[in-house]
Amino acid sequence: MNVYDGERMAELMAAEGMVATDDANAADLVVLNTCHIREKATEKVYSDIGRVRKVAGAEGRAPMIAVAGCVAQAEGEEIVRRAKVDVVVGPQAYHNLPKLVAAAAKGEAALDTDMPLASKFGALPARRNVAPGAFLTVQEGCDKFCTYCVVPYTRGAEISRPFAAIVDEAKALVDAGAREITLLGQNVNAWSDGDGRGLHDLIRALDRVPGLARIRYTTSHPNDMAQGLIDAHRDVESLMPFLHLPVQAGSDRVLRAMNRQHTRNGYLRLLDRMRAARPDIALSGDFIVGFPGETEAEFAETLSLVDAVGYAQAYSFKYSPRPGTPAATLGEQVAAEVMDERLQRLQAALQRDQAAFNAASVGRTCRVLIERKGKRDGQWLGKSPWLQSVHVVGPHAIGDMLDVTLVEAGPLSLTGEVRALAAA
Ligand code: 5AD
Ligand code: SF4
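About the cut-offs
Residues numbered from 1 in each chain as written. Chains lettered and ligands numbered in written order. Predicted model: local features only at pLDDT ≥ 70, side-chain atom pairs only at ≥ 80, totals over all residues. Heavy atoms only, no water. Pairing = 2+ DSSP bridges. Helix = DSSP H or I, 4+ residues; strand = E, 2+ residues; numbered from the N terminus. Axes fitted to C-alpha atoms, helices over the stretch in contact; angles between N-to-C directions. UniProt positions renumbered as here; feature names shortened; annotations may be inferred. Near = heavy atom within 4 Å. Nonpolar A, V, L, I, M, F, W, Y, C, P; charged D, E, K, R; others polar. Contact = heavy atoms within 4.5 Å. Polar contact = N/O pair within 3.5 Å; in protein donor to acceptor, adjacent residues only side chain to side chain. Areas by Shrake-Rupley, 256 points an atom, 1.4 Å probe, with all protein chains shown as cover. Domains from an automatic or database assignment. Buried < 20%, exposed > 50% of the residue type's maximum accessible area, 1.4 Å probe, protein only. 1 Å grid on protein atoms, 1.4 Å probe; cavity = no way out; pocket = protein on both sides within 12 Å on 5 of 7 lines; lining within 4 Å. Points joined across faces, edges and corners; volume = space filled by probe spheres on them.

K.L.:
Teacher, can you tell me more about the sheet that holds strand S16 (residues 401–409) here?
P.N.:
Either a parallel or an antiparallel arrangement is found when strands of a sheet pair, and the pairing is made through backbone hydrogen bonds. On the basis of which strands lie adjacent, the closed barrel formed by five strands has the order S13-S14-S15-S17-S16 and mixed pairing. The mean angle between the axes of side-by-side strands here comes to 55°, regardless of whether they run parallel or antiparallel. In this sheet, strand S14 (residues 379–383) lies alongside strand S13 (residues 365–373) in antiparallel orientation, the contact comprising four bridges. Across the sheet, the residue bridging to Lys 373 is Trp 380, located in S14.

So this is what it looks like as structure tokens:
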């Protein structure tokens, strides 16, 4: 979602006559779009600010520094005090970035961490020049309140964008070059139009948008995985066979302490239904090791859940206490060495399964959407339906959809042989 928000902020500033650059030394304004989910991400912001402060800037003028995103939301004034930045803008207020930059240029205070009732989306400019694999935020915020998580505080309560606005933005993205759209939300499968339509209705509508070949969505909560969405995976060809469904832990005691509101078995049965609907579905998840009080036996239940599922890929993290969350004040914080060791064991299991999933894909012929140039001459990098990175060689271009036979698997990517340029 930060990638999406970053694109939208660049579009806002482009409407003010600014041009995006990758070179901080050529910049008049540097926007740091930040993440508050774990302490490491937050601390990085302060070192990044220090780094940006040293750049020369356009014509020798130090660039203005804006801090956006969830660190801005959570720390507000504190950032200005600690790091003297020019602009602080939260994730629900970034449509005001141009105004804030103008105020800061006049030496005025420029801080906006409001969570207005009217959503920012209506105030954003039209989409132009997007990547073939584009993002589209459809839902923001979270009402789940897992005890370790800052999202309900930084992104706020769950809100769903209106159906028509999303379909319009999808069409604009396709006109601007997108062939695949990933629908985004902290709790994307909780999307609802308030009139009984859910994410699957939205997906079925997007399936009818001419030129849109692929639909994905992320991130989902197990309890919002409606039957209609599972059915969509069976029926809708453009909906890719991939599901990112975080579980966090394999022990029911830990899941309860996390306030996940689902059990281990409930999660596994849900995946059974998912596989019944779409046998080739690739599964992904998020894991936290070392939640306060997690015992070795409880951690072993996470490992056995991983064995039971066989993930195609996954993300795993050490528990990070976040200020203001209930878990941060629990006793029994797990020692750092124990967390390190558990993370290593978990990641070894996840890497083993990812390599096995990739190896099992060899021989499949599938479509690959080319996203960028590879490192070697004539090499291109794209994505399979199961979100694997696939390398191919040939006279291709970004945005090509190719029929590819997967011929070789590595731990993190595959090599493919191109059969044909796929029909639109
Ligand atoms: N510590 C570690 N990982 C966290 N996540 C969320 N909060 C924390 C935390 N306090 C992880 C979860 C979530 C992902 C986006 O980040 O696994 O699914
Ligand atoms: Fe955070 Fe996800 Fe739990 Fe919401 S469902 S509180 S975003 S981990």
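K.L.:
I tried to follow the UniProt feature "domain: TRAM" (unreviewed entry) in the protein on my own but got confused; where do I start?
P.N.:
Those residues carrying the UniProt feature "domain: TRAM" (unreviewed entry) are residues 359–420 in this numbering. End C-alpha to end C-alpha, residues 359–420 measures 23 Å, and it is 5% helix and 58% strand.

K.L.:
Looking at this structure, how should I read the site of ligand 2?
P.N.:
Taken together, Cys 142, Lys 144, Phe 145, Cys 146, Tyr 148, Cys 149, Val 151, Pro 152, His 221 and Arg 260 are the residues near ligand 2. In terms of residue class, the shell around ligand 2 is made up of seven nonpolar, one polar and two charged.

K.L.:
So what exactly am I meant to see when it comes to the sheet that holds strand S12 (residues 313–318) here?
P.N.:
Taken together, three strands build an open sheet; the order of strands is S10-S11-S12 and the sheet is parallel. Of all strands in the sheet, those with a lone pairing partner are strand S10 (242–244) and S12, marking the two edges. Across the sheet, the axes of successive neighbouring strands diverge by a mean angle of 10°, strand direction being ignored. Along the sheet, helix H13 (residues 336–361) makes contact with strand S11 (282–289) and S12, crossing S12 at roughly 175°.

K.L.:
What am I meant to see in the side chain of Arg 161 here?
P.N.:
The topology assignment puts Arg 161 in the loop between strand S7 (159–160) and helix H7 (163–175). Polar side-chain contacts of Arg 161 include one of 3.0 Å to the backbone oxygen of Thr 137. Each residue touching Arg 161, except ones within four places of it in the same chain, is listed here: Tyr 4, Phe 121, Leu 136, Thr 137, Val 138, Ile 166, Glu 169 and Trp 191.

K.L.:
What is the right way to look at the site of ligand 1 in this model?
P.N.:
The immediate surroundings of ligand 1 are formed by Ile 37, Arg 38, Tyr 148, Gln 248, Asp 286, Ile 288, Phe 317, Lys 318, Tyr 319, Ser 320 and Arg 322. Here a nitrogen atom of ligand 1 and a backbone polar atom of Tyr 148 are 2.9 Å apart. Asp 286 has a polar side-chain atom sitting 2.6 Å from an oxygen atom of ligand 1. Contact with the protein chains removes 86% of the 400 Å² of surface that ligand 1 exposes when unbound. The set of elements that each furnish at least two residues to the shell around ligand 1 consists of S11 and S12. Broken down by class, the residue content of the shell around ligand 1 amounts to five nonpolar, two polar and four charged.

K.L.:
Would you take a moment to explain the domain arrangement of the protein for this structure?
P.N.:
Accessible area lost on assembly of the parts is the figure often given for the size of an interface. Taken as a whole, the protein is organised into domain 1 (2–112), domain 2 (126–240) and domain 3 (365–421). Relative placement of domain 1 and domain 3: their C-alpha centres are 36 Å apart.

K.L.:
Quick question: what am I supposed to make of the UniProt feature "binding site: [4Fe-4S] cluster" (unreviewed entry) in the protein here?
P.N.:
As recorded in UniProt, the feature "binding site: [4Fe-4S] cluster" (unreviewed entry) lies at Cys 142, Cys 146 and Cys 149. One can find Cys 146 in the loop between strand S6 (139–140) and helix H6 (151–154). The class for Cys 146 is buried, based on a relative accessible area of 8%. Setting aside residues no more than four positions away along its own chain, Cys 146 makes contact with Met 258, Asn 259 and Arg 260.

K.L.:
How should the layout of surface pockets be read in this particular structure?
P.N.:
Over the atoms, a rolled probe matching the size of one water molecule traces out where space is still vacant. The computed volume of the second largest pocket comes to approximately 860 Å³. Considering the residues around the second largest pocket, the lining is formed by 28 residues, among which Gly 6, Ala 10, Val 19, Ala 20 and Thr 21 are closest to the centre. Contributing elements (two or more residues each) for the lining of the second largest pocket: helix H1 (2–15) and strand S1 (29–34). Looking at the lining of the second largest pocket, the element that brings in the most residues is H1, giving seven residues. Residue classes in the lining of the second largest pocket are distributed as 16 nonpolar, five polar and seven charged.

K.L.:
Where do I start with the pairing of S16 in this structure?
P.N.:
For a regular strand, side-chain orientation follows a simple rule: the groups alternate between the two sheet faces. Bridge count between S13 and S16: five bridges; the pairing is antiparallel. Within the sheet, the bridge partner assigned to Arg 367 lies in S16 and is Asp 403. In this structure, S16 lies alongside strand S17 (residues 413–421), joined through seven bridges in antiparallel fashion. Directly across from Thr 405, in S17, lies its bridge partner Glu 417. Two successive antiparallel strands, S16 and S17, enclose a turn made up of three residues.

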